[in-house]
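Examining the three-dimensional arrangement
Single-letter residue listing:
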Amino acid sequence: MQESDIIKQVRRIEIRARGLSQQMFSGEYHSAFKGRGMAFSEVREYQYGDDVRNIDWNVTARLNHPYVKVFEEERELTVMLLIDVSGSHLFGTTSQYKSELIAETAATLAFSAIHNNDKVGVVMFSDKIEKFIPPKKGSSHILRIIRELIGYKPEGRGTDISEALRYFTNITKKRSTAFLMSDMIDDDYENALKIAAGKHDLAVLRIDDPRERTLPNIGLTAFEDLESGTLQWIDTSSPLARKAYEEHYRHYEDKSEQLLQKYGIDHVTLTTGQDFVKPLIGLFKMRG
(Lines give C-alpha, C1' and ligand atoms only; values in the text may rest on other atoms or scores of the structure.)
Protein backbone atom coordinates (compact mmCIF):
# COMPACT_ATOMS: atom_id res chain seq x y z
CA MET A 1 0.00 0.00 0.00
CA GLN A 2 1.37 3.39 -1.01
CA GLU A 3 1.88 6.22 1.48
CA SER A 4 -0.92 8.30 -0.05
CA ASP A 5 -3.34 5.36 0.24
CA ILE A 6 -2.41 4.85 3.89
CA ILE A 7 -3.03 8.53 4.67
CA LYS A 8 -6.45 8.42 2.96
CA GLN A 9 -7.43 5.29 4.85
CA VAL A 10 -6.25 6.71 8.19
CA ARG A 11 -8.32 9.82 7.55
CA ARG A 12 -11.42 7.82 6.60
CA ILE A 13 -11.20 5.65 9.70
CA GLU A 14 -10.49 8.68 11.88
CA ILE A 15 -13.61 10.51 10.70
CA ARG A 16 -15.87 7.49 11.21
CA ALA A 17 -14.35 6.50 14.55
CA ARG A 18 -14.46 10.03 15.96
CA GLY A 19 -18.10 10.39 14.99
CA LEU A 20 -19.12 7.07 16.50
CA SER A 21 -17.20 7.62 19.73
CA GLN A 22 -18.69 11.11 20.22
CA GLN A 23 -22.26 10.38 19.22
CA MET A 24 -22.83 6.87 20.47
CA PHE A 25 -20.08 5.37 22.58
CA SER A 26 -18.87 7.95 25.09
CA GLY A 27 -21.69 7.49 27.60
CA GLU A 28 -21.86 3.74 27.15
CA TYR A 29 -18.09 3.45 27.45
CA HIS A 30 -18.03 5.52 30.64
CA SER A 31 -20.70 3.33 32.23
CA ALA A 32 -19.18 0.06 31.05
CA PHE A 33 -15.58 0.72 32.06
CA LYS A 34 -15.45 2.40 35.43
CA GLY A 35 -12.37 3.70 37.18
CA ARG A 36 -10.29 1.96 39.79
CA GLY A 37 -12.24 3.39 42.73
CA MET A 38 -12.82 6.66 44.56
CA ALA A 39 -10.19 9.38 44.79
CA PHE A 40 -10.04 12.32 47.20
CA SER A 41 -11.33 15.54 45.63
CA GLU A 42 -11.71 18.29 48.26
CA VAL A 43 -12.80 19.23 51.78
CA ARG A 44 -16.02 21.19 52.37
CA GLU A 45 -18.26 22.11 55.29
CA TYR A 46 -20.43 19.39 56.69
CA GLN A 47 -24.02 19.44 55.41
CA TYR A 48 -27.07 17.71 56.85
CA GLY A 49 -27.17 14.14 55.52
CA ASP A 50 -23.43 13.77 54.93
CA ASP A 51 -21.87 10.50 56.03
CA VAL A 52 -20.15 11.15 59.37
CA ARG A 53 -17.52 8.60 58.40
CA ASN A 54 -16.21 11.16 55.88
CA ILE A 55 -15.57 13.87 58.48
CA ASP A 56 -12.03 15.21 58.28
CA TRP A 57 -11.21 15.46 62.00
CA ASN A 58 -7.96 17.36 61.51
CA VAL A 59 -9.63 20.17 59.55
CA THR A 60 -12.64 20.10 61.86
CA ALA A 61 -10.44 20.56 64.94
CA ARG A 62 -8.42 23.34 63.31
CA LEU A 63 -11.44 25.36 62.16
CA ASN A 64 -13.74 24.43 65.05
CA HIS A 65 -16.48 23.47 62.60
CA PRO A 66 -17.26 20.08 61.00
CA TYR A 67 -15.76 19.46 57.56
CA VAL A 68 -16.06 16.37 55.37
CA LYS A 69 -13.85 14.83 52.70
CA VAL A 70 -15.39 14.71 49.23
CA PHE A 71 -14.50 11.84 46.92
CA GLU A 72 -15.08 11.35 43.22
CA GLU A 73 -14.71 8.40 40.91
CA GLU A 74 -11.11 7.84 39.88
CA ARG A 75 -11.85 7.73 36.18
CA GLU A 76 -8.52 7.40 34.47
CA LEU A 77 -7.94 3.94 33.05
CA THR A 78 -5.28 2.29 30.97
CA VAL A 79 -6.89 0.63 27.97
CA MET A 80 -4.87 -1.98 26.08
CA LEU A 81 -5.81 -3.24 22.63
CA LEU A 82 -4.44 -6.75 21.99
CA ILE A 83 -4.66 -7.06 18.21
CA ASP A 84 -4.17 -10.23 16.19
CA VAL A 85 -2.29 -9.42 12.96
CA SER A 86 -1.76 -13.03 11.84
CA GLY A 87 -2.25 -14.14 8.25
CA SER A 88 -5.86 -15.24 8.75
CA HIS A 89 -6.91 -11.62 9.21
CA LEU A 90 -6.12 -10.89 5.57
CA PHE A 91 -9.24 -12.94 4.78
CA GLY A 92 -12.53 -11.38 3.76
CA THR A 93 -15.30 -12.35 1.36
CA THR A 94 -17.62 -9.36 1.81
CA SER A 95 -16.83 -5.66 1.61
CA GLN A 96 -13.82 -5.80 3.95
CA TYR A 97 -11.04 -7.95 5.33
CA LYS A 98 -11.04 -8.98 8.97
CA SER A 99 -8.04 -6.71 9.48
CA GLU A 100 -10.06 -3.72 8.25
CA LEU A 101 -12.90 -4.49 10.64
CA ILE A 102 -10.36 -4.71 13.48
CA ALA A 103 -8.82 -1.35 12.53
CA GLU A 104 -12.18 0.46 12.52
CA THR A 105 -13.31 -1.12 15.78
CA ALA A 106 -9.98 -0.48 17.50
CA ALA A 107 -10.02 3.16 16.38
CA THR A 108 -13.53 3.65 17.76
CA LEU A 109 -12.57 2.13 21.10
CA ALA A 110 -9.42 4.25 21.22
CA PHE A 111 -11.25 7.53 20.56
CA SER A 112 -13.90 6.59 23.15
CA ALA A 113 -11.10 6.01 25.65
CA ILE A 114 -9.36 9.34 25.13
CA HIS A 115 -12.70 11.18 25.33
CA ASN A 116 -12.85 9.77 28.85
CA ASN A 117 -9.27 10.82 29.61
CA ASP A 118 -7.94 7.26 29.48
CA LYS A 119 -4.59 6.11 28.16
CA VAL A 120 -4.50 3.70 25.22
CA GLY A 121 -1.79 1.20 24.34
CA VAL A 122 -1.48 -1.60 21.78
CA VAL A 123 0.04 -5.06 21.59
CA MET A 124 0.12 -6.40 18.03
CA PHE A 125 0.79 -10.12 17.76
CA SER A 126 0.95 -13.04 15.37
CA ASP A 127 2.83 -16.16 16.47
CA LYS A 128 5.15 -13.65 18.19
CA ILE A 129 4.89 -10.17 19.65
CA GLU A 130 5.05 -7.94 16.60
CA LYS A 131 4.83 -4.47 18.12
CA PHE A 132 4.15 -2.77 21.45
CA ILE A 133 2.85 0.80 21.57
CA PRO A 134 2.99 2.08 25.19
CA PRO A 135 -0.19 3.64 26.61
CA LYS A 136 -0.56 7.39 26.07
CA LYS A 137 -3.27 9.99 25.71
CA GLY A 138 -4.11 12.34 22.85
CA SER A 139 -5.49 12.32 19.32
CA SER A 140 -2.05 12.23 17.70
CA HIS A 141 -1.31 9.02 19.61
CA ILE A 142 -4.55 7.45 18.36
CA LEU A 143 -3.73 8.44 14.78
CA ARG A 144 -0.37 6.70 15.17
CA ILE A 145 -2.19 3.56 16.33
CA ILE A 146 -4.54 3.65 13.31
CA ARG A 147 -1.61 4.15 10.96
CA GLU A 148 0.23 1.17 12.44
CA LEU A 149 -2.85 -1.03 12.13
CA ILE A 150 -3.23 -0.15 8.47
CA GLY A 151 0.37 -0.06 7.31
CA TYR A 152 2.20 -2.55 9.53
CA LYS A 153 3.56 -5.68 7.84
CA PRO A 154 3.86 -8.50 10.40
CA GLU A 155 6.87 -10.80 10.39
CA GLY A 156 4.88 -13.84 11.53
CA ARG A 157 1.85 -15.45 9.93
CA GLY A 158 0.63 -17.79 12.67
CA THR A 159 -1.35 -17.11 15.84
CA ASP A 160 -0.19 -17.40 19.45
CA ILE A 161 -2.82 -15.95 21.77
CA SER A 162 -1.00 -17.26 24.84
CA GLU A 163 2.12 -15.31 23.95
CA ALA A 164 0.11 -12.10 23.55
CA LEU A 165 -1.71 -12.54 26.87
CA ARG A 166 1.48 -13.43 28.75
CA TYR A 167 3.28 -10.41 27.32
CA PHE A 168 0.39 -8.13 28.24
CA THR A 169 0.22 -9.53 31.78
CA ASN A 170 3.97 -9.11 32.28
CA ILE A 171 4.28 -5.53 31.02
CA THR A 172 1.06 -4.19 32.60
CA LYS A 173 1.48 -4.16 36.36
CA LYS A 174 -1.64 -2.18 37.34
CA ARG A 175 -5.11 -3.47 36.65
CA SER A 176 -6.17 -2.35 33.16
CA THR A 177 -9.03 -2.71 30.73
CA ALA A 178 -8.06 -4.85 27.75
CA PHE A 179 -9.74 -5.78 24.48
CA LEU A 180 -8.47 -8.93 22.78
CA MET A 181 -9.36 -8.69 19.08
CA SER A 182 -8.85 -11.97 17.23
CA ASP A 183 -10.61 -14.72 15.30
CA MET A 184 -9.51 -16.96 18.21
CA ILE A 185 -8.26 -19.64 15.81
CA ASP A 186 -5.61 -21.09 18.11
CA ASP A 187 -5.28 -24.17 20.26
CA ASP A 188 -3.69 -23.80 23.70
CA TYR A 189 -4.35 -20.47 25.41
CA GLU A 190 -6.59 -21.37 28.38
CA ASN A 191 -4.03 -20.85 31.15
CA ALA A 192 -2.86 -17.47 29.82
CA LEU A 193 -6.49 -16.40 29.35
CA LYS A 194 -7.32 -17.35 32.94
CA ILE A 195 -4.36 -15.40 34.37
CA ALA A 196 -5.02 -12.29 32.27
CA ALA A 197 -8.72 -12.28 33.14
CA GLY A 198 -7.92 -12.64 36.82
CA LYS A 199 -5.52 -9.71 36.84
CA HIS A 200 -7.24 -7.36 34.38
CA ASP A 201 -10.66 -6.38 33.08
CA LEU A 202 -10.56 -8.40 29.86
CA ALA A 203 -13.12 -8.40 27.04
CA VAL A 204 -12.85 -10.39 23.81
CA LEU A 205 -13.99 -9.21 20.40
CA ARG A 206 -14.10 -12.29 18.20
CA ILE A 207 -13.69 -11.47 14.51
CA ASP A 208 -15.16 -13.69 11.80
CA ASP A 209 -16.26 -13.77 8.17
CA PRO A 210 -19.49 -15.36 6.86
CA ARG A 211 -17.64 -17.64 4.46
CA GLU A 212 -15.61 -19.20 7.29
CA ARG A 213 -18.73 -20.98 8.52
CA THR A 214 -19.71 -22.77 5.32
CA LEU A 215 -17.88 -23.88 2.19
CA PRO A 216 -19.56 -22.98 -1.15
CA ASN A 217 -20.25 -25.74 -3.64
CA ILE A 218 -17.96 -24.60 -6.46
CA GLY A 219 -16.26 -27.86 -7.42
CA LEU A 220 -12.56 -28.67 -7.18
CA THR A 221 -10.87 -25.54 -5.79
CA ALA A 222 -7.44 -24.61 -4.45
CA PHE A 223 -7.41 -23.08 -0.94
CA GLU A 224 -4.45 -21.37 0.67
CA ASP A 225 -3.88 -21.45 4.41
CA LEU A 226 -3.05 -17.80 5.09
CA GLU A 227 -1.10 -18.66 8.24
CA SER A 228 1.01 -21.55 6.98
CA GLY A 229 1.08 -20.64 3.29
CA THR A 230 0.21 -24.20 2.24
CA LEU A 231 -2.06 -24.84 -0.74
CA GLN A 232 -4.70 -27.56 -0.65
CA TRP A 233 -7.14 -28.74 -3.33
CA ILE A 234 -10.63 -29.47 -2.01
CA ASP A 235 -13.60 -30.94 -3.85
CA THR A 236 -16.25 -28.56 -2.52
CA SER A 237 -19.00 -30.54 -4.28
CA SER A 238 -18.44 -33.30 -1.71
CA PRO A 239 -20.88 -33.13 1.24
CA LEU A 240 -18.27 -34.84 3.41
CA ALA A 241 -15.65 -32.19 2.56
CA ARG A 242 -18.06 -29.36 3.34
CA LYS A 243 -19.08 -30.99 6.61
CA ALA A 244 -15.44 -31.47 7.67
CA TYR A 245 -14.76 -27.81 6.89
CA GLU A 246 -17.73 -26.64 8.99
CA GLU A 247 -16.76 -28.90 11.90
CA HIS A 248 -13.20 -27.55 11.80
CA TYR A 249 -14.49 -23.99 12.16
CA ARG A 250 -17.01 -24.91 14.87
CA HIS A 251 -14.21 -26.55 16.88
CA TYR A 252 -12.51 -23.16 17.39
CA GLU A 253 -15.79 -21.28 17.78
CA ASP A 254 -17.11 -23.66 20.45
CA LYS A 255 -13.79 -23.82 22.25
CA SER A 256 -13.49 -20.04 22.59
CA GLU A 257 -17.13 -19.73 23.68
CA GLN A 258 -16.66 -22.37 26.40
CA LEU A 259 -13.47 -20.81 27.75
CA LEU A 260 -14.85 -17.26 27.77
CA GLN A 261 -17.95 -18.41 29.64
CA LYS A 262 -15.86 -20.53 32.03
CA TYR A 263 -13.80 -17.53 33.16
CA GLY A 264 -16.62 -14.99 33.01
CA ILE A 265 -15.06 -12.94 30.21
CA ASP A 266 -17.40 -10.58 28.38
CA HIS A 267 -17.29 -11.17 24.65
CA VAL A 268 -19.01 -10.45 21.37
CA THR A 269 -18.60 -11.59 17.76
CA LEU A 270 -18.03 -9.01 15.02
CA THR A 271 -18.52 -10.08 11.41
CA THR A 272 -17.00 -8.57 8.27
CA GLY A 273 -19.44 -6.67 6.11
CA GLN A 274 -21.79 -6.13 9.04
CA ASP A 275 -22.21 -3.13 11.33
CA PHE A 276 -20.04 -3.50 14.44
CA VAL A 277 -21.84 -0.72 16.29
CA LYS A 278 -24.83 -2.68 17.62
CA PRO A 279 -22.89 -5.67 19.01
CA LEU A 280 -20.31 -3.35 20.57
CA ILE A 281 -22.96 -1.22 22.25
CA GLY A 282 -24.59 -4.46 23.38
CA LEU A 283 -21.30 -5.44 25.03
CA PHE A 284 -21.09 -2.06 26.76
CA LYS A 285 -24.68 -2.24 28.03
CA MET A 286 -24.15 -5.73 29.31
CA ARG A 287 -21.30 -4.43 31.44
CA GLY A 288 -22.92 -1.14 32.49
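I will try to describe carefully the structure that is included in this document.

1. A look at the overall build of the protein
Tallying secondary structure elements over the protein gives 8 helices and 10 strands in all. Here the protein holds 288 residues, and 45% of them are scored as buried. At a minimum sequence separation of 6, the contacts of the protein that also span at least 24 residues come to 74%. Carbon together with sulfur atoms contributes 50% to the accessible area of the protein, which is approximately 14800 Å² in total.

2. Thoughts on the sheet that holds strand 10 (residues 266–271)
Across the sheet, which stays open at both edges, the 6 strands sit in the order 5-4-3-6-7-10 with mixed pairing between neighbours. Every other strand in the sheet has two partners, leaving strand 5 (129–136) and strand 10 as the edge strands with one partner each. On average, each strand axis in the sheet is tilted by 15 degrees relative to the strand beside it, whichever way the strands run. Note: strand 4 (residues 119–125) against strand 5, 5 bridges, orientation antiparallel. Bridge pairing in strand 5 places Met124 opposite Lys131. Packed on one face of the sheet, helix 8 (residues 277–287) meets strand 7 (201–208) and strand 10 and runs near 170 degrees to strand 10.

3. Considerations on unusual backbone geometry
At Asn64, a residue that is not glycine, the phi angle is positive and equals roughly 55 degrees. Its place among the elements puts Asn64 in the loop between helix 2 (57–63) and strand 2 (67–74). When its relative accessible area of 71% is taken as the criterion, Asn64 is described as exposed. Phi is positive for Met184, which is not a glycine, with a value near 60 degrees. Counting through the fold element by element, Met184 comes out in the loop between strand 6 (177–182) and helix 6 (190–199). Using a relative accessible area of 0% as the deciding quantity, one classes Met184 as buried.

4. Here we look at the environment of Arg175
By the element assignment, Arg175 lies in the loop between helix 5 (161–171) and strand 6. Using a relative accessible area of 48% as the deciding quantity, one classes Arg175 as partly exposed. As for Arg175 and Leu77, which are separated by 98 residues in sequence, their C-alpha atoms are 8.7 Å apart. Polar contacts involving the side chain of Arg175 include one to the main-chain carbonyl oxygen of Lys199, which spans 3.2 Å.

Calculation notes
Residues numbered from 1 in each chain as written. Predicted model: local features only at pLDDT ≥ 70, side-chain atom pairs only at ≥ 80, totals over all residues. Heavy atoms only, no water. Helix = DSSP H or I, 4+ residues; strand = E, 2+ residues; numbered from the N terminus. Buried < 20%, exposed > 50% of the residue type's maximum accessible area, 1.4 Å probe, protein only. Contact = heavy atoms within 4.5 Å. Areas by Shrake-Rupley, 256 points an atom, 1.4 Å probe, with all protein chains shown as cover. Pairing = 2+ DSSP bridges. Axes fitted to C-alpha atoms, helices over the stretch in contact; angles between N-to-C directions. Polar contact = N/O pair within 3.5 Å; in protein donor to acceptor, adjacent residues only side chain to side chain.

Treat this as a map of the structure, not an account of what it does.
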